[in-house]
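Each chain, letter by letter, is given below.
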Amino acid sequence: MKKILSLAFAGLAILSLTTACSDSSFDSKYADPSKTSTVGVPQVFTGILYKGNTWMNPVYFRYYTQSSTSGVFSGVIGNSNGRGRFRGASEGYFNTRWKNFYDMLTQYRLLENTYNNLSDSEKDANKVFLLLGRSVIEAQLHEMLSLWGDVPFNGAGYLWLTSDYNGAKTTDVYDDDVVLYKQILTDLKEVGDNFAAGNISSIGLTSLARQDYTLAKGKATMWQKYVNSLRLRIALHLATNGDLVSDAKTAIGEILNNPEKYPLIDSNDENMGVAADTQTDDFNYGKSMAQALAGRGEAAGSQAMLTAMNVPANGTPDANTDPRLPFVYDCNPDGQYIAYDVNLTNSEISDIADRKNQEYIARGISSSNYYCVIDSQAVAGWATYQGNANLNGIWISAAEVALSKAEAYLNGYGVTASQAKAKAAFIDGVVKSIEYYKKLKVNSSLYKANNDSYKGYRELVIPTEEEERVYAENIWEPTEECVATQLWLNFGFMNELEAWNVNRRTGYPLVNFSRDTQASDYPTPPNRLPYTSDELTYNSANVQEAISKNYEESTGYYTNLFWAKKTYYNIVR
């Protein structure tokens, strides 16, 4: 609430980007509010993108916060059984995530207000910015809802306009998450329909090309496919359990049964996100990820991931192992991919690594890891600022879309159930996922040909397209577990929150955890996050009403969200 309300003094402060971003290709897209008396809709749209950068792209703060929460809870990141492991990042990190969203929302309210005050002809030229700005905001609203459930939205973000602090307290009420999800599905359909009908001004698209720094670069077709793919993601999120199953299935059916009207991202060349830029730390994602990963537990591989990639128990890949493995993880000097054993204590896990490292030193290997870690060439290198300069932010990929279609066809979500269509989409999705991770590594600025890891402990074998397809065919089974596991695996370390959403929604893959007996308040993974300290301080009446309505227990941590399973993991001891 503090951030929701304190923005009154920010006025029209779109960004301070002229001091944070040295690249003129970015500077030219922003208006410095201190030097102009007018605010243009296109410039505020770019401001929305920038305000969302931290949580839409692989920025340090996002990566650390997600890895220590949804990364661990989903089983994507290895869990060494340390004390307090299910509490995740400290509350301050959750609070910052909350505040950053409302910073972004305030930018959208500024765009919305500016647009509403235009003439009809000006509105036509600027409509594309309103529609896409709302879509980007609602993509982030989906993330907020998947973390917290009910949140303030429709009455939030207006204090800069009204300067009415007391009034804001009455409008910043918590909207029901079911209502907000219905609103998102409706809004995204509207955007998709506008693109399909050609109701996008050519003048607006020309302006969009100047203001858009995403991978779309103002291309209407890429934005159209992104919006439709986002609608599919959110509809699938709601199609398995809860109050919106019918609405979600209707949306899925409308999209999949009308591919010409609602085209989707269908190749890796159309993956939506933001390109890296090493001229500014804001967009230097490899450097940012290197800071988050170098020497930290957030880089740890997980047994759930190794199991999903068919790695044998001894850690040595065989003919049945997933071709993605050497593009996802670094092996140890013996060519093994070993993850933490959750049946052991934290000290036992550490002792094994220490003994192995002493052994490596005796063998003349001065720097290595026994347990597998996120691939050093693809992402972070070995030094704190050594990251892959070509690491892009990715919002939605062709692999995700294909695997989402596979799940819809398998289960008959809004379409006639068809194992044949499900299998075809599944194979397509797995192949595209392998291709994505392969390119992530071989196109890296850190890439060393023929080396599995940055240190080169194992010869890298690049699979052929035929080998990728054979693997996908071999692992296909007409089950929810098979499809959901591959969707989860594809999200992996690049989108840990959506991986956690797959776990909570489907129960797959079933990840093993050991109970934390040293933290009685947080002994097992949570179902959601608790409301933040700023809300409890500055929006007390509204948040307390939400707590009384939604919390099943005092912390909210183990309160289920309407679309999710109550228990989505397995406790081994």
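The structure we're discussing is the one just above.
Just so it is clear, the structure is predicted and the values come from calculations on it, not from any experiment.

Caption draft 1: Representation of the layout of surface pockets within the structure. Taken as a whole, the largest pocket spans an internal volume of roughly 660 Å³. Residue lining of the largest pocket: 30 residues in total, with Gln303, Ala304, Thr307, Ala308 and Leu510 positioned closest to the centre. Of all the elements in the fold, those that place two or more residues in the lining of the largest pocket are helix 16 (303-308), helix 22 (465-475), helix 23 (480-491) and strand 5 (511-513). Partitioned by chemical class, the residues of the lining of the largest pocket number 15 nonpolar, 12 polar and three charged.

Caption draft 2: Fine view of unusual backbone geometry. With an omega of -10°, the peptide bond running from Tyr508 to Pro509 counts as cis. A positive phi angle is found at Asn81, which is not glycine, with a value near 65°. For Asn81, the location among the structural elements is in the loop between helix 6 (60-73) and helix 7 (91-116). Given the relative accessible area of 5%, Asn81 is considered buried. Even without a glycine there, the phi angle at Lys217 is positive, about 50°. Here Lys217 shows up in the loop between helix 12 (202-211) and helix 13 (220-238).

Caption draft 3: Region of interest: the pattern of salt bridges. This model, assessed by the stated rule, comprises 27 salt bridges. The shortest N-O distance in the salt bridge between Arg505 and Glu407 comes to 2.6 Å. Taken together, the residues Arg505 in helix 24 (residues 496-506) and Glu407 in helix 20 (residues 398-411) connect sequence positions 98 residues apart. Relative accessible area serves as the criterion here: at 2%, Arg505 is assigned to the buried category. Counted as one network, the salt bridges with shared partners bring together Lys189, Asp193, Arg231, Glu254 and Lys261.

Caption draft 4: Region of the structure containing the packing of aromatic side chains. Applying the stated criterion across every chain, the model contains 31 aromatic pairs. Ring geometry for Tyr50 and Phe283: centres 6.2 Å apart, planes at 50°, overall tilted. A residue pair is termed long-range when its members are at least 10 positions apart, and Tyr50 in helix 4 (residues 41-51) and Phe283 in the loop between strand 1 (272-274) and helix 15 (285-293) qualify at 233 residues. When the ring of Tyr531 is compared with that of Tyr551, the centres are 5.8 Å apart and the planes differ by 5°; the resulting orientation is stacked. Of this pair, Tyr531 sits in the loop between strand 5 and helix 25 (533-538) while Tyr551 sits in the loop between helix 26 (540-550) and strand 6 (569-571); the two residues are 20 residues apart in sequence, bridging distant segments of the chain. Judged by its relative accessible area of 14%, Tyr551 falls in the buried class. Among the aromatic residues, those joined into a cluster by ring pairs are Trp98, Phe101, Tyr102, Trp148, Tyr174, Tyr531 and Tyr551. The ring of Tyr262 has Arg231 lying over it, and the distance from NZ or CZ to the ring centre is 5.3 Å. Across the ring face of Tyr531, the terminal group of Arg528 is positioned such that the distance to the ring centre comes to 4.7 Å.

Conventions and cut-offs
Residues numbered from 1 in each chain as written. Predicted model: local features only at pLDDT ≥ 70, side-chain atom pairs only at ≥ 80, totals over all residues. Heavy atoms only, no water. 1 Å grid on protein atoms, 1.4 Å probe; cavity = no way out; pocket = protein on both sides within 12 Å on 5 of 7 lines; lining within 4 Å. Points joined across faces, edges and corners; volume = space filled by probe spheres on them. Helix = DSSP H or I, 4+ residues; strand = E, 2+ residues; numbered from the N terminus. Nonpolar A, V, L, I, M, F, W, Y, C, P; charged D, E, K, R; others polar. Buried < 20%, exposed > 50% of the residue type's maximum accessible area, 1.4 Å probe, protein only. Salt bridge = Lys/Arg side-chain N within 4 Å of Asp/Glu carboxyl O. Phe/Tyr/Trp six-rings, centres within 6.5 Å; stacked < 30°, edge-to-face > 60°. Lys NZ or Arg CZ within 6 Å of the ring centre and 35° of its normal.

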